[in-house]
Amino acid sequence: MATASSLLSEEKFLCSVCLDVFTKPVTTPCGHNFCSACIQKYWDGSHICQCPLCNKTFSQRPELQVNTFISELAAEFKMLAQVKPSTSDPQLPGTADVLCDICSEMKENAVKSCLTCLVSFCEEHLEPHQRVAAFKSHTLLDPVKNLDDRMCKTHNKITELYCRTDMACICALCFKTDHKSHNVVPLEEEYEAAMAKKDETMANIQKMIQSRSEKIAEIENSVDVGQREAEKEKEASVQVVTDLIRSIQRSQAELVEVIEERYRATKQKAEGFLTELRMEVAELESRSEQLEQLSQSEDHHHFLQSFPNLCSPLNKDWANIGVHSDLCFEAVRGSVTLLKQRVDEIMEELPEIKMKRMREHAVDLTFDPDTAYCSLVISQDGKQVIDTAILKNLPNNPKRFEMCCEVLAKEGFTTGKFYYEVQVKGKTQWIVGVVRESVDRKGSAALSVENGNWIIMCDEGKYSACASQTVEITLKENLQKVGIFVDYNKGVVSFYDVNSKSHIYSHTGYNFTEKLYPYFCLQNIENGANSAPLIITPVPQTH
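About the cut-offs
- Residues numbered from 1 in each chain as written.
- Predicted model: local features only at pLDDT ≥ 70, side-chain atom pairs only at ≥ 80, totals over all residues.
- Heavy atoms only, no water.
- Pairing = 2+ DSSP bridges.
- Helix = DSSP H or I, 4+ residues; strand = E, 2+ residues; numbered from the N terminus.
- Axes fitted to C-alpha atoms, helices over the stretch in contact; angles between N-to-C directions.
- Core = buried A, V, L, I, M, F, W, Y, C linked by side-chain atoms within 4.5 Å.
- Buried < 20%, exposed > 50% of the residue type's maximum accessible area, 1.4 Å probe, protein only.
- Contact = heavy atoms within 4.5 Å.
- Arc of directions from axis to C-beta.
- Disulfide = S-S within 2.5 Å.

Draft legend 1. Spatial organisation of the sheet that holds strand β6 (residues 161–163). Here 3 strands make up an open sheet; going across it, the order is β7-β6-β8 and the pairing antiparallel. Whereas interior strands pair on both sides, the edge strands pair on one side only; in this sheet they are β7 (168–170) and β8 (184–186). When strand polarity is set aside, the average angle formed by the axes of neighbouring strands in this sheet is 35 degrees. Both β6 and β8 contribute to a ladder of 3 bridges, which runs antiparallel.

Printed below as a string of structure tokens:
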């Protein structure tokens, strides 16, 4: 009678999922056996419930029970079988690029990955694939990570084909459905075709590396040259401004000295007059006392001899004498003021300085829902507005625009300077600027300065300003963000490209008499285009 060891062969007790001796074996309705944990995990990761061996599909997941007979035989086999010791040193998980998926504790480096099992094996656990007939048809390759990526996410099948039309790896079912009319070839064929182009591709890559390396060197050299030029320019500019400051300080000291010298001369002259006048006052007071004494004397002879001398007038006429201070330096102050204005104008020719100074007048704006056209929706923070193209039934409001997708800011201005920025990125049509409070909101009055609109607009990449007549604006790049600066007292409304800090257009020479409100028009949505919002963006703080 045959012994137990001769009746039990290893392949009969290996789970085809983990390729190890069964642990709590269960039997599927199609009659195949698997470890309970292995089959459950296999089904958990699949869109459909099928047998890993015969691919039989079950309408619902079967309730599986441990096969006690197979379990007892597997336990007996484990006792009789000699376990081959591992000759490799154990490695902790994560110490190798690809680890064996079967090792339970100290994982070994994988030597092969199976595209059929979607499992990576170390040398020991790969042995059944090299010996058992059922596994010899499996596709083995060098170890790879993320074997699940080799599976079609739609059909849970191995991606064995390549669609040249969509440049994607697909499975056989994909070829029969979504890629039916596409140019599809086996992966191996596409691999051979790609490998045939490898040398040419490598040569092109090397050329690109070379050209980009040269460009890196060129840019780095430009940066070095730019740094040296910047240092020279900074030194020269600082020297010029320092000389100007010293000249102004010297002029200031000289001006102060002249003012003080003129004042000293005036004061000295005044003190001379005061001394002389005080002496004359003392003389007159003395005469007054003498005259009073003479008037009380009965010596007529003495009185008559003294009286003429006491009545004689003093020789100096003070009527036209005065001290006039020549301290008027209005011409100097005017010239210095003009110099300051000219320096400011020169400095503001640098766009960065101009932008910085305008931003000092930044205001915090929010869209006003009471003025918004009935298809517009304003964000909760009041900074964004979009056109839904759905007309809402809103209550009547005299402030509301009723003809176009227009809206004003809540904040209005009657004096001084103010500045704000509007993001127009993604929009193909828009209008921004300021309008007077009495602007037409119910009719279809033309957009013009005569009607109280100081604006610029974009229409499919073409820019213009609405003055007395339309003025075309030429820009190098499409606007992403617009800066609007208003000087109410000078009657100026200017527009800037925030990204390039360049001037776009200015309305000048106007006499504003009403409150001005920031104005926004989203224009209409056409076939889904121009649906991006207008956004009032925060203005960076100046330092």
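Now that the structure is up, let's keep going.
Draft legend 2. How the structure looks around the nonpolar core. Within the largest apolar cluster, 41 residues are counted, with the highest numbers of intra-cluster contacts made by W430, I456, V482, I484 and F520. Setting aside anything within four residues of it in sequence, one finds V482 in contact with Y420, E421, V422, V424, W430, V432, I456, F495, Y496 and V498. Grouped together as the second largest cluster of nonpolar side chains are 32 residues, F34, I39, L64 and F77 included.

Draft legend 3. View of helix α2 (residues 36–44). Among the residues of α2, those classed as buried are C38, I39 and W43. Mapping the buried residues of α2 onto a view down its axis gives an arc of 125 degrees, with all of them on the same face. What points out from α2, more than 90 degrees from its buried face, is the exposed set A37, K41 and D44.

Draft legend 4. Just the state of the cysteines, in detail. Evaluation of the coordinates by the stated rule reveals 0 disulfides. With no disulfide partner, C30 has as its closest neighbouring cysteine sulfur the one in C51, 3.6 Å distant. Looking at C30, the relative accessible area reads 23%, which means it is partly exposed.

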